[in-house]
Each structure stands twice: as C-alpha cells, then as structure tokens.
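# Report on the structure
Here is how the chains run, residue by residue.
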Amino acid sequence: MLDINAIRADFPILNQAVNGKPLVYFDNAATSQKPQVVIDAIAEYYKQINSNIHRGVHALSQMATDAYETSRQKIQQHINAKHSHEVLFTTGTTHGINLVANGFSAFIKQGDEVMVSAMEHHSNIVPWQMLCERVGAKLVVIPMDDKGELILEEYERLLSGKTRIVAVNHISNSLGTINPIKYIITKAHEHGAAVFIDGAQAAPHLKPDVQALDCDFYAFSGHKACGPTGSGVLYGKEEWLNKLPPYQGGGEMIKEVRFEKSTYADLPHKFEAGTPNIEGGIVLGTAIDYLNAAGLNHIMAYEQELLQYGTQKLLEIEGLKIIGTAARKAPVISFNVGDIHPYDIGAIVDKMGIAVRTGHHCTQPVMDFFNVPGTVRASFSFYNTKEEIDALAEAVKKAQRMLS
Ligand SMILES: *Cc1c(COP(=O)(O)O)cnc(C)c1O
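Throughout what follows, the structure given in this document is the object of discussion.

## Some points on the site of the ligand
For the ligand, the full set of nearby residues is Thr93, Thr94, His121, Ser123, Asn173, Asp198, Ala200, Gln201, Ser221, His223 and Lys224. In this structure, Asp198 approaches the ligand through a side-chain N or O atom, which is 2.5 Å from a nitrogen atom. Between an oxygen atom of the ligand and a side-chain N or O atom of Ser221, the distance comes to 2.7 Å. Expressed as a share of its isolated accessible area of 380 Å², the protein-covered part of the ligand is 86%. For the shell around the ligand, the per-class residue count stands at one nonpolar, eight polar and two charged.

## Some thoughts on the pattern of salt bridges
The final tally for this structure, using the stated rule, is 17 salt bridges. Here Lys386 ties to Glu305 by a salt bridge, and the two come within 3.2 Å at their closest N and O atoms. With Lys386 in helix 14 (residues 386-403) and Glu305 in helix 11 (residues 296-315), this pair connects stretches of sequence that are 81 residues apart. You can call Lys386 partly exposed: its relative accessible area is 29%. With a relative accessible area of 36%, Glu305 lands in the partly exposed category.

## Brief notes about the pairing of strand 10 (residues 232-236)
In terms of burial, strand 10 is a largely internal element, five of the five residues being buried. Neither face of strand 10 is exposed, since Gly232, Leu234 and Gly236 on one face and Val233 and Tyr235 on the opposite face are all buried. When strand 4 (residues 87-90) meets strand 10, the two strands line up antiparallel, connected through four bridges. Residue pairing for strand 10: Leu88 is matched across the bridge by Leu234. Where strand 9 (residues 217-221) meets strand 10, five bridges bridge the pair, whose relative direction is antiparallel. Bridge pairing in strand 10 links Phe220 to Val233.

## Details of the packing of helix 10 (residues 278-294) against helix 11
Think of two packed helices as two axes; the pair is described by the angle between the axes and how far apart they sit. Direction vectors running N to C along helix 10 and helix 11 enclose 70°, while the axes themselves pass 5 Å from each other. Viewed along their axes, helix 10 and helix 11 adopt a mutual orientation that is roughly perpendicular. Facing helix 10, whose interface residues are Leu291, Asn292 and Ala294, helix 11 presents Leu296, His298 and Ile299. Considering only residue class, the contact of helix 10 with helix 11 consists of four nonpolar, two polar and no charged.

## Things to note about the nonpolar core
Phe26, Val166, Tyr218, Phe335 and Phe382 are the most contacted members of the largest nonpolar core, which has 100 residues in total. The leading source of residues in this core is helix 10, at nine residues. Residue contributions to this core reach at least three from each of two domains, namely domain 1 (4-30 + 295-403) and domain 2 (39-293). When neighbours within four sequence positions are excluded, Val166 is seen to be in contact with Met115, Ile142, Tyr155, Leu159, Ile184, Ala188, Ala193, Ala194, Val195 and Phe196.

## Re the environment of His269
Structurally, His269 is set in the loop between strand 12 (262-264) and helix 10. When the C-alpha atoms of His269 and Gly338 are compared, they prove to be 53 Å apart, with 69 residues separating the residues in sequence. Apart from the residues within four sequence positions on either side, His269 is in contact with His54, Glu69, Glu252 and Met253.

What counts, and at which threshold
- Along each chain, the written sequence defines residue order, and numbers are assigned to residues from 1.
- The predicted nature of this model means local features are confined to residues of pLDDT at least 70 and side-chain atom pairs, given and counted, to a pLDDT of 80 or more, with totals for whole chains, interfaces and linings taken over all residues.
- Excluding hydrogens and water, the side-chain values take into account all heavy atoms of the structure.
- Throughout, the term near means that a residue has one or more heavy atoms lying within 4 Å of the molecule or strand in question.
- Distance and chemistry together define a polar contact, namely a pair of N or O atoms within 3.5 Å, with one atom able to donate a hydrogen and the other to accept it when in protein, and with adjacent residues in sequence counting only for side-chain atoms on both sides.
- The protein chains shown are the only cover counted for residues, whose accessible areas, like all others here, come from Shrake-Rupley with a 1.4 Å probe.
- Under the grouping applied here, Gly and all other residues not named as nonpolar or charged are polar, the nonpolar ones being Ala, Val, Leu, Ile, Met, Phe, Trp, Tyr, Cys and Pro and the charged ones Asp, Glu, Lys and Arg.
- We define a salt bridge as a side-chain nitrogen of Lys or Arg found within 4 Å of a carboxyl oxygen belonging to Asp or Glu.
- Here a strand is any run of E in DSSP of at least two residues, a helix any run of H or I of at least four, and the numbering for each starts at the N terminus.
- Buried means the residue's accessible area, taken with a 1.4 Å probe over protein chains only, is under 20% of the maximum for its type, while exposed means over 50%, and partly exposed covers the values in between.
- Any two strands with at least two DSSP-identified bridges between them are counted as paired.
- Throughout, an axis means a line fitted to C-alpha atoms (over the contacting stretch in the case of helices), and angles, computed between N-to-C directions, take values from 0 to 180 degrees.
- Comment on the angle field: the value is read as roughly parallel under 35 degrees, roughly antiparallel over 145, roughly perpendicular from 65 to 115, and oblique elsewhere.
- Note on contacts: a residue pair is in contact if any heavy atoms of the two residues lie within 4.5 Å.
- Buried Ala, Val, Leu, Ile, Met, Phe, Trp, Tyr and Cys residues form a nonpolar core when they are joined through side-chain atoms within 4.5 Å.
- As annotated, the domain borders come from an automatic or database domain assignment.

Below is the structure:
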C-alpha cells in the first residue's frame, strides 16, 4: 500500500496555493510533477560531475559517462530489454517516433501501408503521414467504437501483406483507453509487419515488458513519469536498430569520418548524435528508481481507485458526459457538461486552484469522432487524493451554475 501523505511530501510543488486555493494538480497526462529526489539529482549532477560524456579521459567525464550508462542499464532492466544497447536516449516520445518513422523510409515503398489507430496523439500520426508522403505509401486507420475501444475485427481485416508497420499507443492520452497491445503485436507479426508502441501514457502507470510484448519499438517521455523534461527513451529490437539508418548525423554517432565516406558507430551511439541531455538521461534513472520504490503495482491499484471514485463522483453531475468509457482505462477522465465549452469550465475551476486540461489534447481526430470541440480532462497520479476529486466535482458544479 502507498502512504499518500508521505508521497505528497516528496513533491514540493503540491504544497502551495494557486489563485488563493490549495493547488489540485489534475494535468498529469500533460506532464507529471517531480519528487524532491529528482530535483536534487539534477542539482547534484551540476554540482559534482558535470562534464561531457564518452569523450574525455579525465575523471569527471568518466563519472558522467558511468552515471549515464548506469541509467541506461537501469532502464533496460525496468523495461526488460534484452540488451542495454537496445535502449536509446531521446528527448521524448516525439523524438523516438520521428527517429523510427524517418528511418523506415528504407523499408517501405510506394503502395505499402502504415497503420495507426483512430485514437493516436498527433505525434504518432504526423511523422507517419510524412513518411507516407515521402515514399507514396498509404496511411490506414484502425477504427474505434463509441466507448473508445479499438475494433479488433476491423484491425485484423485491415492487416495484409502490404502492412509494413503498425503504430499504436499503449494508453490513449485523451480517452484513457488501455489498448490490448500484446494482441495487436501478435496479429501484426503474423502479417510480417513491425510494431511501434507509443508508451508515453503508460510509463507513469506501469512497467512495460518489451520482451514479453515482443514489440519492435517502444517509446516514452521522462517528463510524464516523474523525470526531467527533455529526457526520453526509445527501445528498439537489436535487429531493427542495426538495420535502421541513423536519424541525425554528427559527433559520437560515427566510427570514422572521411570526406569520401563515413562509417557509423555501434549501437546505441549510432542514434545518439551530438551531446545529449546528459543530466536528463541520468536523472530519468532516478525517477524510475522512485517509481519502483513506491511500486508500480501499488501505484496502478491506487490510481484505479481514484479513477473509479472520480468517475462515480463526476457522473453525479447532471448533464456531465464522459468521453472514453473503455473497460480498461488509465486514470484519465475526459468530459463535457451539457453544451458548455470545455475552456469555460477549465478557466473557472482554475480560479479554484484546480489544474485540468481543456481542448483537443493533441488528438483532433478523436474529438471529431465524438463530435465535440474538445473536452475537459482530469488526469490523476498516485499523489492525488479523493478529497481533491471532491474539490473538482464541487468546482465543476459551481462552473455549471455560473455558465448556465
Ligand atoms: C505526450 C504524448 C506524446 C508526445 O510526448 P512528448 O513528450 O511531447 O514528446 C505522444 N503520445 C502520447 C500518447 C502522449 O500522451
């Protein structure tokens, strides 16, 4: 079990008033808050070992390199990758998707197909669209139903020998749906297609096992999982990363540079051109240690309690409709109240110290599907409480009275 008071005390930002009210932070799907150990680790890095990695023979450079590589191994264990060189440091999920979509030009030709789902974040749509435009391939969309669940019979019907890669999210950021990715991966592989999993919303809540899933690629962002902004991970199976051309050229990613021809470094360096976000990569390891110390199974169980409580509490509000009612959900509640514009609700609850997100949440096709201009989204984390959910419900009721 989690000691919520102790956990809250680890997050200094939570202990403040916003607009004269105690802060209630329900925008966790946009970015998570950071525990003191993570904040401290950033300062410690700059106070003690700041240096460029993989280059110097001097002591500080060695320490920074060791810390960076130790973090890579920590992440390898966390996601159960077979090799640490299958773990690439990135600036976040978007970077990981672009790296793969760009390199995939080498494996796809005119008339081939790339498949995404109807509930993808823009960053798991646009890079694939750009790939399709470059090579003359077709973007195919796995449809969803009114609950916000993917229609798996349609998925299987759409798969064919033309499908080169399937790119889907593990968890939807605007609906909260937890997708049956193991099944999706197995079916894609039966058709010889590779699978890219966008794990941006999964990493804060669960421990993905990339070998058990058998996914070809899995990406997530540090900043949504208690880690520093500008840190992230792209996992890729060794055989894919060996085949995939580099994304960016520069220092660190080469073996030898000649004006006639250069050769590339071994994994993972082939994909890590230039000086990376060194402290971000190191401190992402600290964030993962923090999540594991709390226990992701405990985190998940508690967040499910918050989800159930919040769903029930919000549904008591007359005219409130939840968008995204899948059977398996992460602690994300997207809703609208009657015809009130989501932005108006967001602005009023903000005056009461409650941070929610409003708008299309970078998933315009999802909003079009449900025929709404946007939603109010409350997304919970393990440092939130039921009392905070009560405060949200009261604030939404107040907004409703003011606006109707
Ligand atoms: C946030 C998010 C992204 C993009 O992550 P960045 O950290 O902005 O690169 C992609 N997919 C999903 C599902 C997300 O929630």
